[in-house]
Amino acid sequence: MQTIELLVNLKIPDVTALTAASAIRRRLGYEEALKELRRSDYYSLDLNVGKLDAARTLAQELAEKTNLFVNPNKHSYAICSPEEHNGGPASVDGLWRVEVLVTDAEGAQAPEIEQALTERLGYADQVAAVRQGILWTMLLAADSADEARSIAESITVTTARDEGLLVNPHFQAWEII
Amino acid sequence: MSEQAAAQLRVALIQFPGSNCEWETKRAAEAAGITCDVFRWNRDPAALVEYDGYIIGGGFSYQDRIRSGVIATKEPIVATMFEQVSEFGKPVLGICNGAQVLVEAGLIPGLNPGRVEMALAPNYPDPRGRIGDFCCRWVYLKHKCAPGRCALSSQMPTGYIWPVPIAHGEGRFTTRDRDAIEQLRANDQIVFQYCDENGQVADTPEINPNGAMDNIAGICNPEGNVLAMMPHPERASFVRQLPAELSGQWGTQKQATWGDDAAMRQPGPGRLVFDSLREALLVSVC
């Protein structure tokens with residue numbers, strides 16, 4: 001069993017990410033701290049294959065042939081493994097990159113996609129599970145990794161009208177990956 | 001209430017980019033004797049203080065980006081409205097997207113004003129397996145709270161059952177704080193619950209269309225001057241808006257109006273929400 005991740009992005013400017021970035025800067029006071037905000041559709045696939053290379057090949061096939069994850073007219077995609085995330089802020093050109101994964105608090109399972117893959121598209125033997133979420137990638141100006149993490153958390157969790165934006169913790173879960 | 005007093009009652013119906021129910025809501029409010037101005041979100045918020053109350057109507061503010069209503073809550077106009085509600089007790093009616101704004105702004109349920117204590121989460125998926133979680137149909141509501149508990153439902157008796165349409169994808173009242181639900185029950189803040197035509201409240205997909213906790217369709221704040229409801233009373237404010245296939249009194253009344261324009265213009269069940277708003281405005285300005 002291998003777990004592989006599929007990150008799907010819009011080829012055109014992502015207005016949701018742009019709107020979020022604008023609100024965070026103009027309304028929440030992170031004008032200086034938030035340098036960039038990107039949003040990806042996130043899928044984690046448990047695949048019944050022995051090696052990572054085989055998992056990448058299968059993930060590529062799923063992305064390009066099933067039309068479930070990627071519309072090639074408007075999406076680009078990337079395949080990565082969970083080990084490629086840093087588990088916290090990573091220093092990039094003097095800034096800090098923080099990846100925040102947002103999922104449904106009641107579970108990230110994607111039963112409709114699983115069902116389509118296993119029951120209708122012939123991947124019953126190869127696909128064990130599919131989870132989904134939204135991956136927010138922030139580039140932050142901060143003096144330390146701890147400060148970057150703190151800013152990311154403040155931006156993420158909505159606790160009041162003027163605090164946080166990306167997650168309502170009453171139905172969503174989040175983690176820095 | 002004199003017609004003169006009613007004519008002086010002014011509410012601002014806040015229009016965000018993506019709002020789409022402002023004109024039918026304005027018409028429903030005006031039919032109840034309220035002067036209603038559509039107030040664009042990017043006007044000077046200071047002008048908002050001139051109004052006696054506020055309505056945030058339905059639609060898809062900011063295209064529902066991130067979560068329904070959340071971007072709108074960050075606008076200065078919502079901060080001004082929050083101040084007017086907190087300091088002067090002005091009434092606020094949030095319908096559908098407006099309810100989502102009030103919840104994300106911390107006005108509802110308002111146990112700790114300003115804190116986000118609930119969510120209007122995506123509807124539970126249809127258990128019959130149909131893809132699509134946007135739900136658009138007529139439902140029945142039961143007025144649950146005590147008479148006068150909520151100023152925005154004061155003209156309804158407790159137990160009043162009425163038909164009203166819903167149209168939302170994110171309408172499931174929920175919280176991870178079980179104490180909050182207990183407190184809402186104890187405070188009698190649950191104003192409307194989804195029910196069947198006989199008033200039975202049950203957590204089934206047919207009755208509770210989005211899977212809301214406690215079948216909640218509408219909640220007021222502890223003071224009772226702010227109501228957030230997911231169904232659309234403005235779409236049930238005239239008899240002509242009702243579907244003829246409704247069972248009971250309202251279906252019968254609709255069928256009896258065929259060919260009678262004046263009868264079609266008679267108030268529907270949702271009018272009572274706007275009548276209640278009118279009375280709340282009168283109290284507020286006195």
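Look above for the structure.
Residues numbered from 1 in each chain as written. Chains lettered and ligands numbered in written order. Predicted model: local features only at pLDDT ≥ 70, side-chain atom pairs only at ≥ 80, totals over all residues. Heavy atoms only, no water.

Caption draft 1: Representation of the overall build of chain B in the model. Helix and strand counts for chain B come out as 9 helices and 11 strands. Here the C-alpha radius of gyration of chain B, 18 Å, is about what a compact globule of 286 residues would show, namely 19 Å. In chain B, which comprises 286 residues, the proportion classed as buried is 62%. Looking at chain B as shown, the accessible area adds up to about 10900 Å², and 49% of this sits on carbon and sulfur atoms. (Helix = DSSP H or I, 4+ residues; strand = E, 2+ residues; numbered from the N terminus. Rg over C-alpha atoms; globule rule 2.2 N^0.38 Å. Buried < 20%, exposed > 50% of the residue type's maximum accessible area, 1.4 Å probe, protein only. Areas by Shrake-Rupley, 256 points an atom, 1.4 Å probe, with all protein chains shown as cover.)

Caption draft 2: Expanded view of the sheet that holds strand β7 (residues 161–168) of chain B. Residues and elements named next belong to chain B. Spatially, 9 strands are ordered β2-β1-β3-β4-β11-β10-β9-β6-β7 in an open sheet, and the strand pairing comes out mixed. Each edge of the open sheet carries a strand with a single partner, namely β2 (35–40) and β7. Going from strand to strand, the sheet's axes swing by 25 degrees on average, the running direction of each strand aside. As paired strands, strand β4 (residues 92–95) and strand β11 (residues 226–229) are joined by 4 bridges and run parallel to one another. Bridge pairing links Leu 93 to Leu 227 in β11. (Pairing = 2+ DSSP bridges. Axes fitted to C-alpha atoms, helices over the stretch in contact; angles between N-to-C directions.)

Caption draft 3: Up close: helix α2 (residues 52–65) of chain A. Residues and elements named next belong to chain A. The terminal C-alpha atoms of α2, which comprises 14 residues, lie 20 Å apart, in line with the 20 Å expected from a rise of 1.5 Å per residue. Residues Ala 55, Leu 58, Ala 59, Leu 62 and Ala 63 constitute the buried set of α2. In a view along the axis of α2, the buried residues occupy a sector of 140 degrees, so they form one face of it. Summarising the geometry of α2, the exposed residues directed more than 90 degrees from the buried face are Asp 53, Thr 57 and Lys 65. Lining the buried residues of α2 we find β1 (2–10), β2 (34–47), β3 (75–80), α3 (111–120) and β6 (127–140). (Expected span 1.5 Å × (residues − 1). Arc of directions from axis to C-beta. Contact = heavy atoms within 4.5 Å.)

Caption draft 4: Structural context of the interface of chain B and chain A. Contact with chain B, which involves 29 residues of that partner, is made by 24 residues of chain A. Both faces combined, the contact of chain B with chain A buries some 2300 Å², and carbon together with sulfur accounts for 56% of it. When residues of chain B are sorted by the area they lose upon contact with chain A, Ile66(B), Arg67(B) and Lys74(B) head the list and together hold 30% of the total. Inspection of the chain B/chain A interface yields 3 salt bridges. The residue Glu75(B) makes a salt bridge to Arg27(A) at a minimum N-O spacing of 2.9 Å. Joining chain B to chain A, the criterion identifies 19 residue pairs in polar contact (both at pLDDT 80 or more). Of all elements in the fold, only α3 (70–73), α4 (76–88), β5 (119–121) and β8 (172–174) of chain B reach the threshold of two or more residues within the side of chain B that touches chain A. When the residues that make up the side of chain B that touches chain A are grouped by side-chain class, the tally is 14 nonpolar, 5 polar and 10 charged. (Buried area = accessible area lost by both parts, 1.4 Å probe. Salt bridge = Lys/Arg side-chain N within 4 Å of Asp/Glu carboxyl O. Polar contact = N/O pair within 3.5 Å; in protein donor to acceptor, adjacent residues only side chain to side chain. Nonpolar A, V, L, I, M, F, W, Y, C, P; charged D, E, K, R; others polar.)

Caption draft 5: Seen up close, the environment of Phe173(B). Residue and element names in this part refer to chain B. Note that Phe 173 resides in strand β8. You can call Phe 173 buried: its relative accessible area is 0%. Discounting residues that sit within four places of it in the chain, Phe 173 has contacts with Val 103, Met 118, Ala 119, Leu 120, Ala 212, Met 213, Ile 216, Ala 217, Gly 218, Ile 219, Ala 228 and Met 230.

Caption draft 6: Representation of the pattern of salt bridges within the structure. All chains considered together, the criterion is met by 17 salt bridges over all chains. Of the charged contacts in the structure, one is a salt bridge between Glu84(A) and Arg56(A), with a shortest N-O distance of 2.6 Å. Pair noted here: Glu84(A) is in the loop between β3 and β4 (90–92) and Arg56(A) is in helix α2, with a separation of 28 residues, a long-range link. Since its relative accessible area comes to 28%, Arg56(A) is described here as partly exposed. Where salt bridges share partners, they join Glu24(B), Glu234(B) and Arg235(B) into one cluster.

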